[in-house]
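Structural description and commentary
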Amino acid sequence: RLAERGGREAHGALVVADWQTGGIGRRGRSWESGRAQNLLFSLVWSPPELDDAPPAAVLAHMIQLNLAVSVAVVQACKAVGVTSARVKWPNDVWALERKLAGSLVNFDGGRAAVIGIGLNVNERCADADAGGGASGDGQPWRVQRVSVRELLGSAEPVAREPLLAGVC
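To start, this report covers the structure provided alongside it. Counting from 1, residues in each chain are numbered in the order their sequence is written. Only residues with pLDDT of 70 or above have their local features reported here, since the model is predicted, and side-chain atom pairs are shown and tallied only from 80 upward, although totals for entire chains, interfaces and linings are computed over all residues. Derived side-chain values reflect all non-hydrogen atoms in the structure, with water molecules and hydrogen atoms excluded from consideration.

**So, the nonpolar core**
- Think of a nonpolar core as a cluster: buried Ala, Val, Leu, Ile, Met, Phe, Trp, Tyr and Cys residues, connected wherever their side-chain atoms sit within 4.5 Å. Exposure is judged per residue with a 1.4 Å probe applied to protein chains only, and the accessible area is read against the type maximum: over 50% gives exposed, under 20% gives buried, and values in between give partly exposed. Counting 32 residues, the largest nonpolar core has Val73, Cys77, Leu100, Leu119 and Leu163 as its most contacted members.
- Helix and strand definitions here come from DSSP, where helices need a minimum of 4 consecutive H or I residues and strands a minimum of 2 consecutive E residues; each element is numbered from the N-terminal end. Mapped onto this core, the elements with two or more residues apiece are strand 4 (39–45), helix 2 (55–79), strand 6 (92–95), strand 7 (98–107), strand 8 (113–119) and helix 5 (161–167).
- The leading source of residues in this core is helix 2, at 9 residues.
- The contact criterion used is simple: two residues touch if any of their non-hydrogen atoms lie within 4.5 Å. Contact partners of leucine 119, with chain neighbours within four places excluded, come to Asn38, Leu39, Val73, Cys77, Leu100, Ala101, Val148 and Leu163.

**Describing the pattern of salt bridges**
- Between Lys or Arg on one side and Asp or Glu on the other, a salt bridge is scored when a side-chain nitrogen of the former is within 4 Å of a carboxyl oxygen of the latter. Summed over all chains, the structure comprises 3 salt bridges.
- In this structure, arginine 145 and glutamate 123 form a salt bridge, with 3.2 Å as the shortest nitrogen-oxygen distance. Taken together, the residues arginine 145 in the loop between helix 3 (125–130) and helix 4 (148–152) and glutamate 123 in the loop between strand 8 and helix 3 connect sequence positions 22 residues apart.
- Here arginine 145 falls in the buried class, since its relative accessible area comes to 5%.

**Regarding the environment of tryptophan 31**
- Looking at where tryptophan 31 falls in the secondary structure, it is placed in strand 3 (residues 30–33).
- Look at tryptophan 31 and you get partly exposed, because its relative accessible area is 22%.
- The sequence separation of tryptophan 31 and glycine 118 amounts to 87 residues, and the corresponding C-alpha distance is 9.1 Å.

**What about the packing of aromatic side chains?**
- Pairing of aromatic rings covers Phe, Tyr and Trp, the last through its six-membered ring, and needs centres within 6.5 Å; plane angles under 30 degrees mean stacked, over 60 mean edge-to-face, and all others mean tilted. Summed over the entire model, instances satisfying the criterion amount to 0 aromatic pairs.
- In this scheme, Lys NZ or Arg CZ marks a charge over a ring once it lies within 6 Å of the ring centre and within 35 degrees of the ring normal. Positioned over the ring face of tryptophan 94 is lysine 88, at 3.8 Å from the centre of the ring.

**Here we look at the side chain of asparagine 38**
- The residue asparagine 38 is located in the loop between strand 3 and strand 4 in this model.
- Classification of asparagine 38 by relative accessible area gives buried; the value is 0%.
- In the analysis that follows, any N or O atom pair within 3.5 Å is treated as a polar contact, provided that within protein one partner can donate a hydrogen and the other can accept it, and provided that, for residues neighboring in sequence, both atoms belong to side chains. Of note is the side chain of asparagine 38, whose polar atom sits 3.0 Å from the side chain of glutamate 123.
- Not counting residues within four places of it along the chain, the set of residues in contact with asparagine 38 comprises Ser33, Leu119, Asn120, Val121, Asn122, Glu123 and Arg160.

**Notes on a nonpolar patch on the surface**
- Here a patch means residues that are over 30% exposed by relative accessible area and free of salt bridges, tied together within 9 Å if like-charged and within 5 Å if nonpolar (Val, Leu, Ile, Met, Phe, Trp, Tyr). All accessibility values rest on the Shrake-Rupley procedure with a 1.4 Å probe; residue burial counts only the protein chains present in the view. On the surface, Leu67, Val71, Val87 and Trp89 cluster together to form a nonpolar patch covering roughly 350 Å² of accessible area.
- Within the secondary structure layout, tryptophan 89 lies in the loop between strand 5 (85–88) and strand 6.
- Judged by its relative accessible area of 58%, tryptophan 89 falls in the exposed class.

**Brief notes about the environment of valine 146**
- Within the secondary structure, valine 146 sits in the loop between helix 3 and helix 4.
- When its relative accessible area of 6% is taken as the criterion, valine 146 is described as buried.
- Along the sequence, valine 146 and cysteine 125 sit 21 residues apart, while their C-alpha atoms lie 5.3 Å from each other.
- Those residues in contact with valine 146, other than ones at most four positions away along the chain, are Ala95, Arg98, Lys99, Leu100, Asn120, Cys125 and Leu151.

**So, the pairing of strand 4**
- Here strand 4 lies mainly inside the structure; 5 of its 7 residues are buried.
- Pairing between two strands is assigned when DSSP locates at least 2 bridges connecting them. Summarising the sheet, strand 1 (residues 14–17) and strand 4 pair through 4 bridges and their orientation is antiparallel. Residue pairing across strands places alanine 17 opposite leucine 40, the latter belonging to strand 4.
- Bridge analysis of strand 4 against strand 8 gives 7 bridges, and the strand direction is antiparallel. Bridge assignment links valine 44 to a residue of strand 8, and that residue is valine 114.

Written out as structure tokens, the structure is:
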């Protein structure tokens, strides 16, 4: 809605959530995250250089954007010491065979998109997965997950802000 209301002026608008109970993932799956655990944000992408671009060029840009988002998440994770982070096509970031982050680029079919990113930062994923955790749609987790904190072996919570700055 922000992209629709703000038009080109909304480009770069960032919305960060401290928790999420109604997130939407790939194939419409719901996604949840506890308070102050993970990095959850949406970014409006509507660059002015797309104004006069033909539809095929805009579509190509949006397809490239999907991969660029995952690469940005990997680079931000590596900057805080998670050297095992890797892009798993099309829009997931994995580390040590576990899902670390996911992104979704919602293209409006015109000239704008909203990029949604969920990055497991402080959640104890191993505990949640071992306990038969479920996604918000009640389905069991389909993949094993991992967080930045678990990968770093940190007893203390990991600051989310440097990761956000690294992605954006």
